[in-house]
Amino acid sequence: MSRPHVVIVGAGFAGYRAARTLARLTRNRADITLLNPTDYFLYLPLLPQVAAGILEARRVTVSLPGTLRGVRLVLGEADHVDLDACSVHYSDPEGGTGTLGYDRLVLCVGSVNKLLPVPGVAEHAHGFRGLPEALYLRDHVTRQVELAAADDDPKSSTARCTFVVVGAGYTGTEVAAHMQLLTDRLARRSPLRGVRPRWLLLDVADRVLPELDQRLSRTADRVLRARGVDVRMGTSVKEATHDGVLLTDGEFVPSRTLVWCVGVRPDPLVEVVGQPLERGRLIVDPQLRVPGRPEVFGCGDAAAVPDLDRPGAFTPMTAQHAWRQGKVAGENVAASLGLGRRRRAYRHRDLGFAVDLGGIQGAANPFGIPLSGPAAGAVTRGYHLAALPAGRVRVAADWLLDAVLPCQGVQLGLVRSWAVPLDTASPELPRVPGAPERTGRPEQAGSTGGPDHPAPGPVRRTDPPDPAAG
């Protein structure tokens, strides 16, 4: 008798946890295949520290083949899911195609950058969802400070040293906090003549971190403003150009840097599955099964999971929910195969949040206890070390070295601006010249369209020419 075959699409927080849980419960009594574009799980909460040069890029990755014993990894991106034929069609990194048949399917494709119909944003802004974008931002910011130090034009220097972050949520707040510290360190190394690095944090909400507790919001706002970050609530971008951004209050801010952190939306793959959606998310029941398709499960950002504590609502798109949903999905898939405990519904108990504000500063409320300053910073880093599936010693070593050694502000030039477009459904992969691009636009995924900005034309180079690139 052949063993059942389980296919898991996506190795984010939900997919990685589902694969690990399923492998532990089945104990080689089922074939488990994990389809993912990369061979690593990315620990997203530490990505701002990669952009700031505190952590090396590999520190926030966890090897899939090295940590998921009994799970077969297939490198590729899912293009289409045929529920009637029980198959997943995918494209591999070298342009080939393949098909995976399954007895059970777990969709954990995650989310992509959220776009808004703002002129110029798709051409001139960059998101913050993957390693390529973090590495690009680090190089770009370093380059702008160095060019400003050598520029004789005060207006040009000021524009290069003005950095705009749109979105004061979890990601945008941490990016602004860490990168502001980086530019201050770079400015001390490359003295600027009469110019100081300036960071703007914009959001249409009325406070920083609007989705979190107000005490965390006040702490983050106070720390950012004390460092000189220009926090503007109720303000966003009306238009983006090569020379700067026009704000909704009418002010034009000369700048060469626009970081787009307004939020995320489900991966467009779920729109071609042909099942009911809730704001682009695949609707599942409390046991994470797709209604009418008992062999298909969904979890993570791309799944609309009912919130049992709030009837009629769905769980938000956060890493905490995705991580815990992955475990429940793995247990329920094993139970459906008769290889594990009985199925259970997903119910989340909030243990608090932690926000890393760079240096020794943080904001946290573990178990509802509000903390700020060094105590919150210690709790935040302790939480990340505990949550990392592997590589904790290397991360702790990088933190120690960053505390005692000077900043290494160098440009590696590994990722260019055209390689990390904002309008992409694959933020974890840099764009390759001549290769087809999987965009994040719903109209290409069989949707009826939406509020997303139309696709950009030819990608406009925002970096200076690289002589080595020919």
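Residue positions are given per chain, counting from 1 as you read along its sequence in written order. In view of the model being predicted, local features appear only for residues whose pLDDT reaches at least 70, and side-chain atom pairs are presented and counted only at 80 or more, with totals across whole chains, interfaces and linings using the full set of residues. Side-chain numbers come from the whole structure's heavy atoms, not from hydrogens or water.

The helix and strand labels rest on DSSP assignments: H or I over at least four residues marks a helix, E over at least two residues marks a strand, and numbering proceeds from the N terminus. Expected helix span is computed as 1.5 Å times (number of residues minus one). Helix length check: helix H10 (residues 373-387) (15 residues) gives 21 Å between terminal C-alpha atoms against 21 Å at 1.5 Å per residue, within 8%. For H10, every residue scored as buried is listed here: Gly373, Ala376, Gly377, Thr380, Arg381 and His384. For H10, the angular spread of the buried residues around the axis is 130 degrees, confining them to a single face. Summarising the geometry of H10, the exposed residues directed more than 90 degrees from the buried face are Ala378 and Ala386. Here the term buried applies to any residue with accessible area under 20% of the maximum for its type, exposed to any over 50%, and partly exposed to those in between, with areas from a 1.4 Å probe on protein chains only. As used here, the arc belongs to the directions running from the helix axis to the C-beta atoms.

Bringing the sheet that holds strand E13 (residues 230-233) into the picture now. Only strands that DSSP links by at least two bridges are regarded as paired with each other. Spatially, the four strands line up as an open sheet ordered E13-E12-E11-E17, and their pairing is parallel. Either end of the sheet is taken by a strand with one partner, and the two such strands are E13 and strand E17 (257-260). Mean inter-strand twist for the sheet, computed between neighbouring axes without regard to direction, equals 15 degrees. Packed onto the sheet, helix H5 (residues 131-150) meets strand E11 (162-166), strand E12 (198-203) and E17 and runs at close to 155 degrees relative to E17. Helix axes are fitted to C-alpha atoms over the stretch in contact, other axes to C-alpha atoms as well, and angles between N-to-C directions run from 0 to 180 degrees. It only takes one pair of heavy atoms within 4.5 Å for two residues to be counted as in contact.

Residues enter patches when their relative accessible area tops 30% and they take part in no salt bridge; the joining distance is 9 Å for like charges and 5 Å for the nonpolar side chains Val, Leu, Ile, Met, Phe, Trp and Tyr. Areas reported here follow the Shrake-Rupley algorithm with a probe of radius 1.4 Å; residue values treat only the protein chains shown as occluding. Whenever a carboxyl oxygen of Asp or Glu lies within 4 Å of a side-chain nitrogen of Lys or Arg, that contact is scored as a salt bridge. Positive charges come from Lys and Arg, negative ones from Asp and Glu, while His and the chain ends are left out of the count. Each charge is placed at NZ for Lys, CZ for Arg, CG for Asp and CD for Glu. On the surface, a cluster of positive charge is contributed by Arg20, Arg24, Arg27, Arg29 and Arg392. Within the secondary structure, arginine 20 sits in helix H1 (residues 13-26).

Here the focus is the pairing of strand E1 (residues 5-9). Most of E1 is tucked away: five of the five residues are buried. Burial along E1 is two-sided: the face carrying His5, Val7 and Val9 and the face carrying Val6 and Ile8 are both buried. Judged from the five bridges that link them, E1 and strand E2 (residues 31-36) form a sheet pairing that is parallel. Pairing of valine 7 across the sheet is with threonine 33, part of E2.

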